[in-house]
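Each chain, letter by letter, is given below.
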Amino acid sequence: MAGMRAVTLVALLLVVASGCLGGTPGAGAGPTESAATAAPVEGDEVTVTEVVDGDTIKVAYPNGTRETVRLLGVDTPEVYGENTPDEFEGIPETTAGAACLGRAGEDASAYAKDRLAGESVTLVFDEQSDRRGYYGRLLAYVYVDGESFNYALLREGHARVYESTFTERERYEDIEVTARESRRGLWSCIEGDVTATASETTALADGGEGPLAIDTLHADAEGNDNENLNDEYVVLRNVGEERLDLSGWTVTDEADHTYTVPEGTTLDPGATLTLRTGSGTDSDSTLYWGASGAIWNNGGDVVTVRDESGSTVVRRSY
C-alpha cells in the first residue's frame, strides 16, 4: 500500500510539472499584459534592425534570416503617405485633421525608434490571425522587456485598433477607448481639440506666438508613477520654420523643479523632442531628466519652457 501511494504521488507531481511547463504565452491565444510582465514571454527571439514607422519593423533572426514585421492589431498614422481621417474615430475629415494625423504618425515613429531600435525583442504569433499579411510581412505581437509594444502604442494614443481578427481585440479596443477619451496622442486631433491645442501650446506669456509647442504631456504613468518614471514625459515640437537651438533652455513645473537642456541640442522644423522624467541615454529625439521621483502632478500642473536668457517661450497648464 505504501508503494502504491508513492507511485501515485510521483504521478501527481509529474502532472503538475507538465502543467507548469506547458501553455506558453503565444502558443495559442495572444498573451495578456499581466502574463507578459510576470514571466518571460516565449516566442521568436529576434533583433530589431530598423524601425520603418510606428507599426512596422525589420528584424534579424539569430540564423541570419531577415523579416519585415507588421505589428498585429494596431495601426499608426501614415508617415510616408496620405492619412485618411475617417479611419480614426472622431478625427475631422479636413486638411487640418489630416495634417494633425501626419504629426501623430511622426510621434509614433519616434516612440517606436526610442523603444525598439537595436533591441532584442520577442515575436509572438496569434492562432486567430494569419502568420503573414497581404504584403508577405509577418504579423505578430512584439514584446520588449516583457511588455507588449502593440498594447503600449494603443495605451499612449499612438495607434488605433486595426480592423482584423486576433485574440487580443477586445482588450485592445478597451484601451483605445481610454486613450481616445483622454485625448492622448493622435486623439488630440479630435474635432474641437486641434485648434485649441495649437493655440494653447504655442501661446507666449505676452500673448504672442512662439516656435515651440508642448505637443503631448503624459503626466500619469502606467502603474505607480515613481516606479515608472520614463512613462512620465513631455513632448516638445518645433512649429516654426527654422531649426531651434535649445541649448541651455529650461523646463520647469509649478513647484520649480527644473531641467536644463544639454548644450548642442537642436530641433528641426516639425520635429519633436521627448523629455522623460527618469534616466537613460539621451538621443536626438529623447532626453532624460534623471529625476529620482515623479515630476508632473496627475491632478494638474504647469509646464513652462524658457530660453537660455530666461524668457518664457511656452507655458501650458492642465
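Structure first, text after, so check above.
Residues numbered from 1 in each chain as written. Predicted model: local features only at pLDDT ≥ 70, side-chain atom pairs only at ≥ 80, totals over all residues. Heavy atoms only, no water.

(A) Up close: helix α5 (residues 169-181). Look at α5: 18 Å from first C-alpha to last across 13 residues, which is about the 18 Å you get at 1.5 Å a residue. Within α5 the residues assigned to the buried category are R169, Y172, I175, E176, A179 and R180. In a view along the axis of α5, the buried residues occupy a sector of 140°, so they form one face of it. Seen from the open side of α5, the exposed residues pointing more than 90 degrees away from its buried face are E170 and E181. Considering only its buried residues, α5 is in contact with β4 (74-75), β6 (138-144), β7 (147-148), α4 (149-155) and β8 (160-161). Note on α5: the residue one or two positions beyond its end, R183, has a positive phi of about 55°. (Helix = DSSP H or I, 4+ residues; strand = E, 2+ residues; numbered from the N terminus. Expected span 1.5 Å × (residues − 1). Buried < 20%, exposed > 50% of the residue type's maximum accessible area, 1.4 Å probe, protein only. Arc of directions from axis to C-beta. Contact = heavy atoms within 4.5 Å.)

(B) Focus on the nonpolar core. The biggest cluster of nonpolar side chains holds 35 residues, and the ones touching the most others in it are I57, L116 and L123. It is β6 that contributes the most residues to this core, seven residues altogether. Dropping the residues within four chain positions of it, L123 is found in contact with G43, D44, V46, V59, Y61, V69, L138, A140, Y141 and V142. If you look at the next biggest cluster of nonpolar residues, it comprises 24 residues, including L212, L273, I295 and W296. (Core = buried A, V, L, I, M, F, W, Y, C linked by side-chain atoms within 4.5 Å.)

(C) Molecular detail of helix α3 (residues 95-116). Under the 1.5 Å per step criterion, the end-to-end length of α3 is 31 Å for 22 residues, consistent within 8% with the ideal 32 Å. Of the residues flanking the end of α3, it is G118, one or two places downstream, whose phi is positive at about 75°.

(D) Up close: the packing of aromatic side chains. Summed over all chains, the structure comprises eight aromatic pairs. Ring geometry for F166 and Y172: centres 5.5 Å apart, planes at 55°, overall tilted. Accessibility assignment for this pair places F166 and Y172 in one class, buried. Judged by centre distance (5.6 Å) and plane angle (40°), the rings of Y259 and W289 are tilted. (Phe/Tyr/Trp six-rings, centres within 6.5 Å; stacked < 30°, edge-to-face > 60°.)

(E) Here's a closer look at the layout of surface pockets. Its volume calculated, the largest pocket comes out at about 610 Å³. If you go around the largest pocket, you meet 32 residues; those closest to its centre are R70, V74, D75, R137 and Y162. Those elements that provide at least two residues to the lining of the largest pocket are β3 (66-71) and β4. Looking at the lining of the largest pocket, its residues break down into eleven nonpolar, eleven polar and ten charged. (1 Å grid on protein atoms, 1.4 Å probe; cavity = no way out; pocket = protein on both sides within 12 Å on 5 of 7 lines; lining within 4 Å. Points joined across faces, edges and corners; volume = space filled by probe spheres on them. Nonpolar A, V, L, I, M, F, W, Y, C, P; charged D, E, K, R; others polar.)

(F) Quick look at empty space enclosed by the protein. Taken as a whole, this structure holds one cavity of 30 Å³ or more when the rule is applied. Quantified by volume, the largest cavity comes out at close to 30 Å³. L236, V251, Y259, V261, L273, L275 and L287 are the residues that line the largest cavity. Class assignment for the residues of the lining of the largest cavity results in seven nonpolar, no polar and no charged.

(G) Highlighting the pattern of salt bridges. Scanning the model with the defined rule gives 21 salt bridges in all. Where D75 meets R70, a salt bridge forms, and the shortest distance between an N and an O atom there is 3.3 Å. You can call D75 buried: its relative accessible area is 7%. Overall, the relative accessible area of 10% leaves R70 in the buried class. The residue R243 makes a salt bridge to D268 at a minimum N-O spacing of 2.7 Å. Separated by 25 residues along the polypeptide, R243 in the loop between β10 (233-238) and β11 (244-245) and D268 in the loop between β14 (266-267) and β15 (272-276) bring together distant segments of the chain. The exposed category is assigned to R243, whose relative accessible area is 56%. D268 sits in the partly exposed class, given a relative accessible area of 35%. In the salt-bridge network here, residues are joined through shared partners; they are D55, R70, D75, E87 and R160. (Salt bridge = Lys/Arg side-chain N within 4 Å of Asp/Glu carboxyl O.)

(H) Looking closely at the state of the cysteines. All chains considered together, the criterion is met by one disulfide. With its sulfur 2.0 Å from that of its partner, C100 forms a disulfide with C189. Between C100 and C189 the sulfur-sulfur dihedral comes to about -80°; the bridge is accordingly left-handed. One end of the pair, C100, is in helix α3; the other, C189, is in the loop between α5 and α6 (194-201), with 89 residues separating them in the sequence. For the pair C100 and C189, one class covers both residues: buried. (Disulfide = S-S within 2.5 Å.)

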